[in-house]
Amino acid sequence: MADSVSSEEVAVISNTDITSTESENNIINTMVERGTALLRKLEINVAEAEKRTGKNTVNMQETYTVYLIEIRPAETEGGTPAAPDTLWRRYSEFELLRTYLLVTYPYIIIPPLPEKRAEFVWHKLSADNLDPDFVERRRVGLENFLLRVASHPVLSNDKLFFLFLTEEKGWRDAVLETGFQDKADSRLKSLSAMFRVKNPDKRFTALKQYSDELNSVISQLLRIRARVADRLYGVYKVHGNYGRVFSEWSAIEKEMGDGLQSAGHHMDTYAASIDDILEEEEHFADQLKEYLFYTDAVRSVCRKHELIQYELEMAAQDLAQKKQQKEELATGTVRIFSLKGMTSKLFGQESPEQKESRLAALEQSIQEGEETVKEKNTECQEFVRAAWDDIERFKEQKDKDLREALISYAIMQISMCKKGIQVWSNAKECFSKM
């Protein structure tokens, strides 16, 4: 950074939020704070998913899934629920909405979408993105995404987000007319450039490192859970062999036959229960996956700050160079080798009029440079202020969500173990009566 812009003038960020969860009809969804004006007015649901077949952009048949978005007034007169307004959206339209939000609100940690294809799954679970169970979990995730956006104090006020919920046909054109894609392309090119900030903000650096470490930890948790689920599935299903053997044994026993048959029935029930248990587990895994994807959103904010700081440093460096040129021209001393200095030695000194003209041009350029530095510094400080507020909000949300998800997962494991104890207690009773 040049002397004209101190390191204190170059702004910064750090630290990190999300909302709580509830179980309804065995589907885990996210409760959101109803503090925003939008959620006080509207109830938002992704009510169902439907498989469709049609032609894609290259005129080939494809099968895809669409999701039904329902919105209705949160409060109605007379207590009679109003009929919902509905429209259908493809997953790609959700992706377009999120990309628009990423570009338009670079200082906000934009909520992630659920995965497009299943990852970190146990091997008995289909990874097909048209699998009914996977589509249902994705439906829940898409509803959660809409509620995350609708509960955000800034994103909830975006007009194009409201159009996404209410205008099925005109929305895409309205988004594209904003020209956000051109801005996204130029930003992506800048972000992919091999630049290095000279004075990186320590809080942003720490936040980026934390995001990387959180991503690694959650990835490990998901892999371990998938391995445990594989082994658990095998253990439960093997109990079905108890049921078969007890049934065969009962056929050769007169006194013990009924007890063995009943015990075998309990073992069969136990073996079959694992399918529902592990399907329910996938919804807890989806909560962890949401935060796995959130880490990318956090890193995105860090990269955007890094770009703004880089642009500020480059503007300050350019201004310092122009000031040095002015000083050299005014004093007639050249600190470093330059082509212009060599030219003046070879062809003689420039006239006073030429020198005066160059000084005037440099003075004008310096004024413009100072204005640019001032603008970039203000932009950096504003970005930091807005991003810091959102990061603090995110941190509070994250701590609350992950704590509740882990507690709920532990409760589910305890319940599963109790069911196993009950099955063997029932089997014990059957054996006692023989």
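Everything numeric here is computed off the predicted structure, so don't read it as measured data.

*Asks:* It is not clear to me how the overall build of the protein chain should be interpreted in this structure. Could you clarify?
*Replies:* Helix and strand counts for the protein chain stand at eleven helices and five strands. Residue burial in the protein chain is summarised as follows: out of 434 residues, 42% are buried. For the protein chain, the exposed area adds up to about 24100 Å²; of that, 52% sits on carbon and sulfur atoms.

*Asks:* Would you take a moment to explain the pattern of salt bridges for this structure?
*Replies:* As a working rule, side chains carrying opposite charge can pair if their charged atoms are close by. Taken as a whole and judged by the stated rule, the model has 27 salt bridges. Ionic pairing is found between Glu281 and Arg225, a salt bridge with its closest N-O pair at 2.8 Å. Residue Glu281 is located in helix H9 (residues 274-331), and its partner Arg225 is located in helix H7 (residues 202-250); the two are separated by 56 residues in the primary sequence. Residue Glu281 shares its accessibility class with Arg225, and that shared class is buried. Via salt bridges that share partners, Glu136, Arg139 and Glu143 belong to a single interconnected network.

*Asks:* Sorry if this is basic, but what is going on with the packing of helix H3 (residues 132-150) against H9 here?
*Replies:* Working note: a packed helix pair is described by the angle between its axes plus the distance between those axes. Here H3 crosses H9 at 45°, and the two axes come no closer than 11 Å. Taken together, the axes of H3 and H9 lie oblique to each other. Our pair here, H3 against H9, has a crossing hand that is right-handed. Of H9, the residues touching H3 (which contributes Asp133, Arg137, Asn144 and Arg148) are Glu279, Glu282, His283, Asp286, Glu290, Tyr291 and Tyr294. For the contact of H3 with H9, the class distribution of residues is two nonpolar, two polar and seven charged.

*Asks:* Honestly, the sheet that holds strand S3 (residues 42-55) in this entry has me stumped. Any pointers?
*Replies:* Sheet strands pair by backbone hydrogen bonding; their relative direction is either parallel or antiparallel. Pairing in this open sheet of three strands is antiparallel, and the strands run S3-S4-S5 from one edge to the other. Each edge of the open sheet is held by one strand with a lone partner, namely S3 and strand S5 (85-90). Ignoring strand direction, the axes of neighbouring strands in this sheet form an average angle of 25°. Taken strand by strand, H3 contacts S3 and strand S4 (61-73), and its axis lies near 135° from that of S3. Running at roughly 100° to S5, helix H4 (residues 159-166) makes contact with S3, S4 and S5 of the sheet.

*Asks:* What am I meant to see in H7 here?
*Replies:* Count 3.6 residues to each turn of an α-helix, and residues three or four apart come out pointing the same way. If you check H7, its first and last C-alpha atoms are 72 Å apart, about what 49 residues at 1.5 Å a residue would give, namely 72 Å. Here H7 starts with a cap whose side-chain oxygen sits 2.8 Å from the backbone nitrogen of Arg203, and that cap is Asp201.

*Asks:* Got a minute to help me understand a nonpolar patch on the surface in this structure?
*Replies:* On the surface, Tyr242, Trp424, Phe431 and Met434 cluster together into a nonpolar patch covering about 360 Å² of accessible area. Inspection of the secondary structure assignment puts Met434 in the segment after helix H11 (352-432).

What counts and what doesn't
Residues numbered from 1 in each chain as written. Predicted model: local features only at pLDDT ≥ 70, side-chain atom pairs only at ≥ 80, totals over all residues. Heavy atoms only, no water. Helix = DSSP H or I, 4+ residues; strand = E, 2+ residues; numbered from the N terminus. Buried < 20%, exposed > 50% of the residue type's maximum accessible area, 1.4 Å probe, protein only. Areas by Shrake-Rupley, 256 points an atom, 1.4 Å probe, with all protein chains shown as cover. Salt bridge = Lys/Arg side-chain N within 4 Å of Asp/Glu carboxyl O. Axes fitted to C-alpha atoms, helices over the stretch in contact; angles between N-to-C directions. Parallel < 35°, antiparallel > 145°, perpendicular 65-115°, else oblique. Left-handed = near helix turned anticlockwise from the far one by under 90°. Contact = heavy atoms within 4.5 Å. Nonpolar A, V, L, I, M, F, W, Y, C, P; charged D, E, K, R; others polar. Pairing = 2+ DSSP bridges. Expected span 1.5 Å × (residues − 1). Polar contact = N/O pair within 3.5 Å; in protein donor to acceptor, adjacent residues only side chain to side chain. Patch = residues over 30% accessible without salt bridge, like charges linked within 9 Å, V, L, I, M, F, W, Y side chains within 5 Å.

Honestly, it's all geometry; don't read function into it.
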